[in-house]
Amino acid sequence: MSTTSKDRLRLWLKVLKATKAVESEVRENLRREFATTLPRFDVMAALMQHGKGLKMSELSGVLKVSNGNVTGIVERLVEDGHVQREKSEGDRRANLVRLTEAGKVEFSRQAEAHEGWIAAAFAGLNPDEVQGIAESLEAVAQRLENGGKL
């Protein structure tokens, strides 16, 4: 049985449909259980991974969004006491942002719930299916990131 371009197109549409469905559930759960948003969760996740903090431009780069998008989110996280801003050593014009201790605690709570939601979303797949799908999607991403053309 050969795979046609139509089969690949159908696969892409199913990947999109599944992604949107999972993302919608995650957004709703974050709103309902933590009174927060997915972009705020993503900013906190990036800052958790970079414990020493990030300049705003670095944070934008990690998240692949504009500085303007990140600025408002960081403002709200500062107001909530989850993020602190300080002048960057060596570049006084730049702000370094990092999670506060309260932010680390809150993110850990959210991340634990998030992991459970994702596990539930993919509960119908056995470990071999999970690994196979992950490897296939990674191969597509790597090919395109390494200069492969569409």
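Residues numbered from 1 in each chain as written. Predicted model: local features only at pLDDT ≥ 70, side-chain atom pairs only at ≥ 80, totals over all residues. Heavy atoms only, no water.

(A) Focus on the overall build of the chain. Along its length, the chain carries 6 helices and 3 strands. Sequence-ordered secondary structure for the chain, helices as α and strands as β, is α-α-β-α-α-β-β-α-α. The principal-axis extents of the C-alpha atoms in the chain amount to approximately 60 × 35 × 25 Å. For the chain, the residues scored as buried account for 24% of the 150 residues in total. By sequence separation, contacts in the chain at least 24 residues apart represent 49% of the contacts at least 6 residues apart. (Helix = DSSP H or I, 4+ residues; strand = E, 2+ residues; numbered from the N terminus. Buried < 20%, exposed > 50% of the residue type's maximum accessible area, 1.4 Å probe, protein only. Contact = heavy atoms within 4.5 Å.)

(B) Seen up close, the sheet that holds strand β1 (residues 54-55). With respect to topology, 3 strands assemble into an open sheet ordered β1-β3-β2, the strand pairing being antiparallel. Of all the strands in the sheet, just β1 and β2 (83-88) have a single pairing partner and so form its edges. In the packing of helix α4 (residues 67-79) onto the sheet, the strands contacted are β2 and β3 (91-99), and the crossing angle to β2 comes to about 115°. (Pairing = 2+ DSSP bridges. Axes fitted to C-alpha atoms, helices over the stretch in contact; angles between N-to-C directions.)

(C) Structural context of the side chain of Asn-29. Among the structural elements, Asn-29 can be located in helix α1 (residues 5-34). Those residues within four positions of Asn-29 in sequence are excluded, and the remaining contacts are Phe-34 and Trp-117.

(D) Inspection of the nonpolar core at higher detail. Counting 23 residues, the largest nonpolar core has Leu-30, Val-43, Leu-47, Leu-59, Val-74, Val-83 and Val-97 as its most contacted members. Broken down by secondary-structure element, the contributors of at least two residues to this core are α1, α2 (38-49), α3 (56-63), α4, β3 and α5 (101-121). It is α2 that contributes the most residues to this core, 7 residues altogether. With near-sequence residues (within four places) excluded, Val-74 lies in contact with Val-43, Met-56, Leu-59, Val-83, Arg-85 and Val-97. (Core = buried A, V, L, I, M, F, W, Y, C linked by side-chain atoms within 4.5 Å.)

(E) Representation of the pairing of β2 within the structure. Note: β2 against β3, 6 bridges, orientation antiparallel. When the bridges of β3 are listed, Val-83 appears paired with Leu-99. Connecting β2 to the next strand, β3, in antiparallel fashion are 2 residues, including Gly-90 with a positive phi near 90°.

(F) Looking closely at the packing of aromatic side chains. Counted under the stated rule, the structure contains 2 aromatic pairs. Judged by centre distance (5.2 Å) and plane angle (35°), the rings of Phe-41 and Phe-107 are tilted. Placement of the pair is Phe-41 in helix α2 and Phe-107 in helix α5, with a sequence separation of 66 residues. The two residues Phe-41 and Phe-107 agree in class, both being buried. (Phe/Tyr/Trp six-rings, centres within 6.5 Å; stacked < 30°, edge-to-face > 60°.)

(G) Here's a closer look at the pattern of salt bridges. One pass over the full model with this rule turns up 10 salt bridges. Between Glu-23 and Arg-27 there is a salt bridge, with the nearest N and O atoms lying 2.8 Å from each other. Taken together, the positions of Glu-23 and Arg-27, both in helix α1 and 4 residues apart, correspond to about one turn of that helix. Put simply, Asp-80 and Arg-40 hold a salt bridge, and the shortest N to O gap is 2.0 Å. A residue pair is termed long-range when its members are at least 10 positions apart, and Asp-80 in the loop between α4 and β2 and Arg-40 in helix α2 qualify at 40 residues. On the basis of relative accessibility, which here comes to 41%, the residue Asp-80 falls in the partly exposed class. Accessibility expressed as a relative area gives 12% for Arg-40, which makes it buried. (Salt bridge = Lys/Arg side-chain N within 4 Å of Asp/Glu carboxyl O.)

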